[in-house]
Amino acid sequence: MTRWHRWSAQSLMPFGRDIAELTGGNIHLYQRVIECHATSATEEEWIDCLQPMFSDLFERGYPVRRSFEAAYSSAMAYAEQNSLMITEHFGTSEAYATYYATLNSSTNQIAASQANAKIRARWTAKAYTRKDSVLFAQTYPQAIIYALAEGYANAHTNLDASKARDDARRRLSKNFLPIFSIE
C-alpha cells in the first residue's frame, strides 16, 4: 500500500524562492505554493498556483550557459563556411555567433519553461488533490531537483557551475527523497 506524503514545500520552495530572488524572478510564486500546501486547494487552484511557479522555476533552471556555448560553437562553424555573408551582415564571426547563441538559447529557455510548466502543473495538481503518490511519481519530480540545481548554478555565476550544481543536487536530494513511501 502506498502512503501519501505531501511534497516537501518547506524544504524545496524556499530554495526556489532564493534562486528567484538572486536572479530577478518572482519570489511570491514560491510563497503561494507553500500557502497552497497549507490549505485544501482544489485541482484548479493548484494549477493556477503551480503553472506560473513551474514556469519561473524551469526558466531559472534552464541550462543557459551550456545552451549558449553549444549554439555559439555551431554558429562559429557556420560563420567559417559563410564568412563573406557573415562579414557583410554582422561584421565579425564573433558578433554573429553571439547574436545567434543569445537568440537561440533565450528562445529555447522560454519555450521549454512554458511547455514544461503547463503539463507539469496539470499532472502535479491531479496528484496533490487525489493524494496519489504513483501519479506524483509519474510527473518525474526529480526534474524539480535538476531545475533547482541548475537555477542555483545559474544564480551563482561566480562559482564553478558544475560544483554549484552538484552541491545543490546533493542538498536538495536529502530533503526531497522521502516524499512518499511504500508500506
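Above: the structure in question.
Computed from a predicted structure; not experimentally measured.

**Student:** Tell me about the overall build of the chain, and please be specific about residues and values.
**Tutor:** Scanning the chain from terminus to terminus reveals 9 helices and 2 strands. Helices and strands in the chain line up, N terminus first, as β-α-α-α-α-α-α-α-α-α-β. Contacts in the chain between residues at least 24 apart in sequence constitute 69% of all its contacts with a sequence separation of at least 6. When the accessible surface of the chain is split by element, carbon and sulfur atoms take 53% of a total near 9900 Å².

**Student:** Go over the nonpolar core, please, and point to the residues and values.
**Tutor:** Buried together is how nonpolar side chains tend to be arranged in soluble globular proteins. Membership of the largest hydrophobic core comes to 39 residues, with the highest contact counts inside it found for Trp46, Leu50, Met53, Phe54, Leu57 and Leu148. Of all the secondary structure elements, the ones that give two or more residues to this core are helix H1 (9-23), helix H2 (27-37), helix H3 (43-60), helix H6 (93-130), helix H7 (133-137), helix H8 (142-155) and helix H9 (161-176). It is H8 that provides the largest number of residues to this core, a total of 9 residues. Membership of the second largest hydrophobic core comes to 6 residues, among which are Met76, Ala79, Tyr96 and Ala97.

**Student:** Report on the pattern of salt bridges, specifying residues and quantitative values.
**Tutor:** For the structure on display, the rule yields 3 salt bridges. For the salt bridge of glutamate 43 with lysine 126, the shortest nitrogen-to-oxygen distance reads 3.2 Å. Placement of glutamate 43 in helix H3 and of lysine 126 in helix H6 is noted, with a sequence separation of 83 residues between them. With relative accessibility at 17%, the residue lysine 126 sits in the buried group. Note that arginine 60 is salt-bridged to aspartate 56, the shortest N-O span being 3.2 Å. In this pair, arginine 60 and aspartate 56 are both assigned in helix H3, 4 residues apart and thus about one turn of the helix distant.

**Student:** Kindly report on a nonpolar patch on the surface, identifying the contributing residues and their values.
**Tutor:** A contiguous nonpolar surface patch, about 290 Å² in accessible area, is contributed by Phe90, Tyr99 and Leu103. Structurally, leucine 103 can be placed in helix H6.

**Student:** How would you explain the packing of aromatic side chains if you had to name every residue and give the values?
**Tutor:** For the coordinates displayed, the defined rule picks out 8 aromatic pairs. Ring geometry for phenylalanine 68 against tyrosine 72: centres 6.0 Å apart, planes inclined by 25 degrees, an arrangement best described as stacked. Here tyrosine 72 and phenylalanine 68 lie together in helix H4 (residues 64-81), a separation of 4 residues that amounts to about one turn. Take tyrosine 72: its relative accessible area is 25%, and that puts it in the partly exposed class. With centroids separated by 5.5 Å and ring planes inclined at 40 degrees, the aromatic side chains of phenylalanine 90 and tyrosine 99 adopt a geometry described as tilted. The structure contains a cluster of three or more aromatic residues connected by ring pairs, namely Tyr78, Phe90, Tyr96, Tyr99 and Tyr100.

Definitions and cut-offs
- Residues numbered from 1 in each chain as written.
- Predicted model: local features only at pLDDT ≥ 70, side-chain atom pairs only at ≥ 80, totals over all residues.
- Heavy atoms only, no water.
- Helix = DSSP H or I, 4+ residues; strand = E, 2+ residues; numbered from the N terminus.
- Contact = heavy atoms within 4.5 Å.
- Areas by Shrake-Rupley, 256 points an atom, 1.4 Å probe, with all protein chains shown as cover.
- Core = buried A, V, L, I, M, F, W, Y, C linked by side-chain atoms within 4.5 Å.
- Buried < 20%, exposed > 50% of the residue type's maximum accessible area, 1.4 Å probe, protein only.
- Salt bridge = Lys/Arg side-chain N within 4 Å of Asp/Glu carboxyl O.
- Patch = residues over 30% accessible without salt bridge, like charges linked within 9 Å, V, L, I, M, F, W, Y side chains within 5 Å.
- Phe/Tyr/Trp six-rings, centres within 6.5 Å; stacked < 30°, edge-to-face > 60°.

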